[in-house]
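Inside the fold
Here are the chains, one letter per residue:
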Amino acid sequence: MQKIEKLLQKRAAELLAEGTVERVLAWHAGEFFYDNAPAAVSSADECDKLVYNEFCPANLCKYLIETSHAGKKTAVFLKPCDTYGVNQLLKDNRIKRELVYAIGTPCSGMLDIKKIKAAGAKGIISVSVDGDEVVVNTAYGEKRLAKADVLLNKCLMCKGAAYKIADEELAEPLPVPQFTGDKFAKVKEIEAMSAEERFAFWQSELSKCIRCNACRDICPACSCEQCIFDKPDTPVAGKAYADEVEEQMYHIIRAFHVAGRCTGCGECARVCPQGIHLELLNMKFMKDINSFFGQYQAGADSETPAPQVSFKQNDPEANSAVEGREQHV
Amino acid sequence: MLEKKNFEPKIVAFCCNWCSYAGADGAGTARKHYPANIKIIKVPCSCRVNPLFILRAFQRGADGVIMCGCHPGDCHYSTGNYYARRRMTLLLSMLDYLGVAGERFRVEWVSAAEGARFAQVMNDFAEHIAALGENVKLRDLRCKK
């Protein structure tokens, strides 16, 4: 990873110096070693402050919208999963391809500091990866944890090391976390509950929501310039009136607006300060789209029409989606 | 909650201008009876119906919502109802997933010539909603204030 960081800094400086791009999107150090934040640099001198390690989970592709509007050619460092977001933005005509210089950046899974802390590591000074293990250097000595146990949840459903869009690749791909299970297992579990249980589950989950809109702001599919949630007369009036109905409404609307465009990057759930399992709403739509309208992966390319802007004459009837389901009272 | 026998459900029906609304007219001309609790909202096409309309109706106190459009293949705008069908399939499935109102929302296709069918669909739906009772799960509490 340190090697890649050096390459990233070097490449960013080169691209800026030779004038290929006007701006580079990457990550820089945050307040702590584990909260690296997105960074935009526009001069080669600044590139040495860029960082890349196992704590750079942020997907940078959404910042391309603004740079595309400004008409500035921008280089962006993309982990394999981030490239789906760029394709989706291209498909939605939110960014211009000629203004994007995509650099594939190898990733072997990002770490979750909350999981490391929960595993009992106190006084953490630094964290490094050693093969399948994570070495946590703490004030009380060294602690080794299995890497698979401290990966971010989104990395547990890794879509693989392939870049879906890239103008160049920074380095040889790294081995990514292997995911073999059923990614819809949890969705199926909820579907199997009774209507009352489902209602109770979502009520307890969604009532945690503080309406900070972080899930909306981070989402590469949520790219409207004017968002319905910012309109004062929207039916989900806002935090001041929030009751549980509005929270349900907010989350149904948010998930529906990205249905068929959600790439499953898992950023919404990662940034949620309340730890709401938002991915379960998005995954439900993905599962439904796959089963009702045929297999579809948003962002896998930038041409295939999205499921909600296309149709087949023999699509299933709407009512069939709930036929045979238990009645709600 | 109201006694079920006295319970008069509030039902919102989104009907497209070209088929279903004309179907409602047909039901009237043919003197086919359907319940007065059904409040029809005319829309240019079933594709005009934003899922938010449905949620909003529930939020503001509807006990049931039904969306009617031209039969697939008969859309006045050729393809509107195909898009509407996909959208509503996903919405229905999501409402069911959240355990809120999957049974209270229905999509039916009624053509301009099907006045009797319109009345039949509405009678069935009103009966179904009356049996389910009041919608409390997706209702804006402010409506009661």
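Residues numbered from 1 in each chain as written. Chains lettered and ligands numbered in written order. Predicted model: local features only at pLDDT ≥ 70, side-chain atom pairs only at ≥ 80, totals over all residues.

1. Description of the UniProt feature "domain: F420-non-reducing hydrogenase iron-sulfur subunit D" (unreviewed entry) in chain B
As a reminder, the rule being used: UniProt positions are given in the numbering used here, feature names are shortened, and annotations may be inferred rather than shown by experiment. Helix and strand labels come from DSSP, where a helix needs a run of H or I of at least four residues and a strand needs a run of E of at least two; each type is numbered from the N terminus.
Sequence positions flagged by UniProt for "domain: F420-non-reducing hydrogenase iron-sulfur subunit D" (unreviewed entry) are, in local numbering, residues 11-133 of chain B. In residues 11-133 of chain B, the share of helix is 45% and the share of strand is 19%. The end C-alpha atoms are 12 Å apart.

2. Concerning helix H1 (residues 20-29) of chain B
Residues and elements named next belong to chain B. Note the cut-off: A residue is called partly exposed when the number of other C-beta atoms within 10 Å of its own lies between 12 and 20, exposed at 12 or fewer, and buried at 20 or more, with C-beta atoms placed from the backbone. Once C-beta atoms are placed from the backbone, any two residues with those atoms within 7 Å are in contact.
For H1, the tally of buried residues reaches seven of 10 residues, placing the bulk of the element in the interior. What H1 keeps buried is the set Ser20, Tyr21, Ala22, Gly23, Ala24, Gly26 and Ala27. Of the surrounding elements, those touching the buried residues of H1 are strand E1 (11-16), strand E2 (38-43), strand E3 (64-69) and helix H4 (115-132). Arg31 sits one or two residues past H1 and shows a positive phi near 55 degrees.

3. Quick word on the pairing of strand E5 (residues 100-104) of chain A
Within a regular strand, side chains alternate between the sheet's two faces. All names here are of chain A. Keep this limit in mind: Following DSSP output, two strands are said to pair if at least two bridges run between them. Here is how to tell: hold the view so the strands point away, follow the path from the first strand over the helix to the second, and if it runs clockwise the crossover is right-handed.
The element E5 is extensively covered by neighbouring structure, given that four of its five residues are classed as buried. With five bridges joining them, strand E4 (residues 74-78) and E5 adopt parallel strand pairing. The partner of Ala75 across the bridge, within E5, is Tyr101. Crossover E4 to E5 through helix H3 (residues 82-91) is right-handed. Relative to strand E9 (residues 168-169), E5 runs parallel, the two sharing two bridges.

4. Thoughts on the sheet that holds strand E7 (residues 133-138) of chain A
Residues and elements named next belong to chain A. To be explicit about the condition: Angles shown run from 0 to 180 degrees and are taken between the N-to-C directions of axes, each axis being a line fitted to C-alpha atoms and, for helices, limited to the stretch in contact.
Taken together, the three strands give an open sheet; going across it, the order is E6-E7-E8, and neighbouring strands pair in antiparallel fashion. In this open sheet, the two edge strands, each paired with only one partner strand, are strand E6 (124-130) and strand E8 (141-146). Strand-to-strand, the axes of this sheet are offset by a mean angle of 20 degrees, without reference to chain direction.

5. A word on the interface of chain A and chain B
Threshold: When residues are grouped by polarity, Ala, Val, Leu, Ile, Met, Phe, Trp, Tyr, Cys and Pro land in nonpolar, Asp, Glu, Lys and Arg in charged, and all others, Gly among them, in polar.
Listed by partner, the interface residues are 36 residues for chain A and 37 residues for chain B. Secondary-structure elements contributing two or more residues to the side of chain A that touches chain B are helix H5 (185-191), helix H6 (195-206), helix H8 (244-257) and helix H10 (279-293) of chain A. It is H8(A) that provides the largest number of residues to the side of chain A that touches chain B, a total of six residues. Looking at the side of chain A that touches chain B, its residues break down into 21 nonpolar, six polar and nine charged.

6. Comments concerning the pairing of E8(A)
All names here are of chain A. The buried fraction of E8 amounts to zero of the six residues, a small share that puts the element mostly on the outside. Bridge count for E7 against E8 is six bridges, and the pairing is antiparallel. The residue of E8 that forms the bridge with Val136 is Lys143. Counting the residues between successive antiparallel strands, the hairpin from E7 to E8 contains two residues.

7. What about the sheet that holds strand E4 (residues 105-109) of chain B?
Residues and elements named next belong to chain B. The sheet built from four strands is open, its strands ordered E2-E1-E3-E4 with parallel pairing. Looking at strand neighbours, the two that pair on one side only are E2 and E4, the edges of this open sheet. Here the strands of the sheet are splayed against their neighbours by 20 degrees on average, with no regard to which way each runs. Where E1 lies against E2, six bridges are found, and the strand directions are parallel. Looking at E2, one finds that Cys15 is bridged to Lys42. Across the sheet, H1 is in contact with E1, E2 and E3; its angle to E1 comes to roughly 110 degrees. Strand contacts of helix H2 (residues 51-59): E1, E3 and E4, with the helix running at about 150 degrees to E3, the strand carrying the most contacts.

8. Notes on the packing of H10(A) against helix H3 (residues 80-97) of chain B
Convention followed: In what follows, roughly perpendicular refers to angles from 65 to 115 degrees, roughly parallel to angles under 35, roughly antiparallel to angles over 145, and oblique to any angle outside these ranges. Each crossing is labelled by how the near helix is turned from the far one, with a counterclockwise turn of less than a right angle marking it left-handed and a clockwise turn marking it right-handed.
Between H10(A) and H3(B), the least distance of the axes is 10 Å, while the angle of their chain directions is 130 degrees. The angle between H10(A) and H3(B) places the two elements in the oblique class. Between H10(A) and H3(B) the crossing geometry is right-handed. In this structure, H10(A) uses Lys284(A), Phe285(A), Asp288(A), Phe292(A) and Phe293(A) to contact H3(B), whose residues at the interface are Arg86(B), Thr89(B), Leu90(B), Ser93(B), Met94(B) and Tyr97(B). Taken together, the residues of the contact of H10(A) with H3(B) sort by class into six nonpolar, two polar and three charged.

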